[in-house]
Every structure is written in structure tokens, then in C-alpha cells.
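# Breakdown of the fold
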Amino acid sequence: MQPDIDRLPGGLIVLDEANIVTAVNRTLCDWLGRAETELVGHAPESWMTGGSRIYYLGHVLPALRLHGHAEEMTLTFTSASGQPLPVLLSASSVAGDEPGYQLLLLPMQRRNLVEEQLQQARKTAEQATEEKARALEQVQALAHELEQRQEQLSELNAKLELMATQDPLTGLANRRVYDRQIEAQLALFHRTRTPFALVLTDIDLFKRINDRFGHDAGDRVLKDVAQCLHQGLREIDTLVRMGGEEFALILPSTTAEQAIRVAERKRELVAQYGGRYGEVTMSFGITEICPHDTKSLLYGRADRALYDAKHQGRNRVCVR
Ligand SMILES: Nc1nc2c(ncn2[C@@H]2O[C@H](COP(=O)(O)OP(=O)(O)OP(=O)(O)O)[C@@H](O)[C@H]2O)c(=O)[nH]1
């Protein structure tokens, strides 16, 4: 598509090398209020104000001839009715069969408009950048808050998990962990016949300690006994406070024979502990997993072994 130079939003003047107008567009004719025939064949400075004429001949034209271009120069033309017409001129040389120059004129009013539009666009862009920065800040603040909430949530979950599995007085695992571990050991035994032993143990005549020294003293003894029982256990062993003054030990890959030795060591340790609350002893009931055992059969046998120990005079280890 050929550009329609007559409808350009700026005036166009084509000059030959001798600075004589060879063509103009309609926009320029309209601004100057002159017919094309009045303009072609003349020098362009003919329609400029005195000052602009000097500037054009002394500066613009020499620059154009020397460098081949002149940019954003201010000149004032005069219309046929005598009105000054300030313009911004940009010009460049044209090579080829008919060498010369082409001058593009933009009225200053229009330039101001363009500048205003540019300023407006810049302002809008700045506002958009500020809004973007604010939005980014908000997103970052929200992301930070989310991170904190997630941290709080995982802390809370960890606390809940602890509360669900820990005895608050002694810090030992609770009955929930006992159930989980026994079920895991039973499953392992049924799959691989790996033996394990269950030890139930109970502080002897604990009621007397409570009665004589008070409930707080009883709590102190429970904590100390928990420590004694915990000493020397393997990573894979599980020590649980079942409730009251009863504890359970689940010893994986352990026979009843081996469990007796473990229980004896614990019994001696507790008996040595004594402390401010007089003699403290424990009774132990042991059993080893049998082929047709269930969780309750296993527990029942260990409990009967513990009963045997109590019945036989306490501070001893019995096996069933
Ligand atoms: N201080 C304290 N006492 C507890 C706690 N849980 C249970 N007890 C007490 O433990 C005592 C257990 O008494 P009993 O079941 O009669 O058994 P025992 O006195 O140890 O006698 P034997 O088991 O036959 O040797 C009761 O007095 C309970 O109140 C606890 O968390 N803290």
C-alpha cells in the first residue's frame, strides 16, 4: 500500500539539491493557505519569518548538507493570511536519480499535544508501576504470613502428635503407641516368625508412697522410675506408661529368656534407686509371642505373669 502523503498529520517539503521546492503535501498547503503551484519552484525560506529564514539558511541547511540530516529544529513559517506557524522540523537528504532533501514539519501545537499525551502515558505507566509495586508488596506480605501460618500449623501438628502419643507426666510414650507397636510386632511375627517379648511392670505398693508422702511425691517416684526403666534400652525397644503405676516394655527380636535378663537389670536398678521415699521396688511379668497370639492373648499372659510376681511377694520377675 502506497502511503498517502497528502493525508500525513505533518507537512512535507521535498527540495532539490539547490534548496528549491519540488513537491509539497496537501497538509502543508492547507497550513500555509497556499496552492501547491505557489510553493513548488521556490525556496522554502520564502514563507518563513525573518529570524527563521536566517536560522534556516545559516544553520539548518548547512547542517543538512554537511550531515545529511537535521533533527527537531524550531522554525516559524508565515501563512498567506500572515499568521505565524511555529513548527518542529526534521530533515534528511535523499539519494538517487533526483537527490535532494525532505523536510517533515510538525506544528508545535501538535507537538505539545503529543508531548502531553506522552506525559500522560508516562504518568499512567508510573502509576501502574507503583500499583504493581504495592501489589507485589502485598503478595510478599501475604506469602510471609502464609509461611508463618504454615510454621505455626506444623508446630501445632507436632504438639498434637506429641499430645496424642506422649504421657505428660513421665514424657514416655502412651498406650496409643503401645497398641501401634504391638500390632506392628504381631504383623512382623506372623510374616517372618521374628520373636518379641512383652514385659509388664508395676511399682509395688505404690499407694503407700502416695499415702505417706503425698501425691506429688508419688509423681516424682513415677518420673524417676520411668528414667530407671529407660536406661540401657535399645533404639528399637518401646517403653510405655500404660497408666497409673504400670509400664510396658516391648522388646523386638527378643526371647523370654533374654527379656528376663533385661527385666532383672531394671528391677535391680529401681530397687537401688530408693531415695527419699523409702524402698521402691517393682514387679515384672514377661511373656514371649506364641504362634496363635492376638493382642489381648499376649497382654493377658504378661498380666498373669505380673500377677504371679505380685502374688509371690513382689520385687521379682515372673514368666508365662
Ligand atoms: N502420684 C500418682 N499416683 C497415681 C497416679 N496414677 C495412679 N496413682 C496411684 O497409684 C496407686 C496404685 O495403687 P494400687 O493399684 O492399689 O497398687 P499398689 O499400691 O501399687 O499395690 P500393688 O500393685 O499390689 O503392689 C493408687 O493409689 C493410685 O491413686 C499418678 O499419676 N500419680
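Heads up: these notes are all about the structure in this document.

Criteria and thresholds
- Here the residue numbering is sequential within each chain, running from 1 through the sequence in written order.
- Given that the model is predicted, a residue must reach a pLDDT of at least 70 before its local features are reported, and side-chain atom pairs must reach 80 or more before they are shown or counted; all residues, however, enter totals for whole chains, interfaces and linings.
- Defining nearness, a residue is near a molecule or strand when the C-beta atom obtained from its backbone falls within 6 Å of it.
- Helix and strand assignments come from DSSP, with helices taken as H or I runs of at least 4 residues and strands as E runs of at least 2, each series counted from the N terminus.
- The classification used treats Ala, Val, Leu, Ile, Met, Phe, Trp, Tyr, Cys and Pro as nonpolar, Asp, Glu, Lys and Arg as charged, and all other residues, Gly among them, as polar.
- Each residue is classed by its C-beta neighbour count within 10 Å, where at least 20 other C-beta atoms makes it buried, 12 or fewer makes it exposed, and intermediate counts make it partly exposed; the C-beta atoms are placed from backbone geometry.
- Two strands pair under a simple rule: DSSP has to find at least two bridges between them.
- Note on method: axes are straight lines fitted to C-alpha atoms, helices fitted across the in-contact stretch only, with angles between N-to-C directions ranging 0 to 180 degrees.
- Residue pairs qualify as contacts under a 7 Å threshold applied to their C-beta atoms, which are placed from the backbone.

## With respect to the site of the ligand
The local shell around the ligand holds 16 residues, among which D204, F206, K207, G218 and G244 are the closest. Taken together, the elements giving at least two residues each to the shell around the ligand come down to strand 6 (196-203), helix 6 (206-213) and helix 7 (215-230). Top contributing element to the shell around the ligand by residue count: helix 7, with 4 residues. Its residues assigned to classes, the shell around the ligand comprises 5 nonpolar, 4 polar and 7 charged.

## Re the pairing of strand 6
In terms of residue burial, strand 6 counts as a mostly covered element, since 8 of its 8 residues are buried. Of the two faces of strand 6, both are covered, the one formed by F196, L198, L200 and D202 as well as the one formed by A197, V199, T201 and I203. As defined by bridge partners, strand 6 adjoins strand 8 (residues 246-252) across 7 bridges and the pair is classed as antiparallel. Bridge pairing in strand 8 places L198 opposite I250. Pairing of strand 6 with strand 9 (residues 282-288) involves 7 bridges; the strand directions are antiparallel. Paired with T201 across the two strands is F284, which belongs to strand 9.

## So, the sheet that holds strand 6
Spatially, 5 strands are ordered 7-8-6-9-10 in an open sheet, and the strand pairing comes out mixed. Of all the strands in the sheet, just strand 7 (238-243) and strand 10 (317-319) have a single pairing partner and so form its edges. Ignoring strand direction, the axes of neighbouring strands in this sheet form an average angle of 20 degrees. The sheet contact formed by strand 7 and strand 8 spans 5 bridges and is antiparallel. If you follow R241 over to strand 8, its bridge partner there is F247. Where helix 5 (residues 175-192) meets the sheet, its contacts fall on strand 6, strand 7 and strand 8, and the angle it forms with strand 7 comes to roughly 130 degrees.

By themselves, these observations are geometric and do not establish any function.
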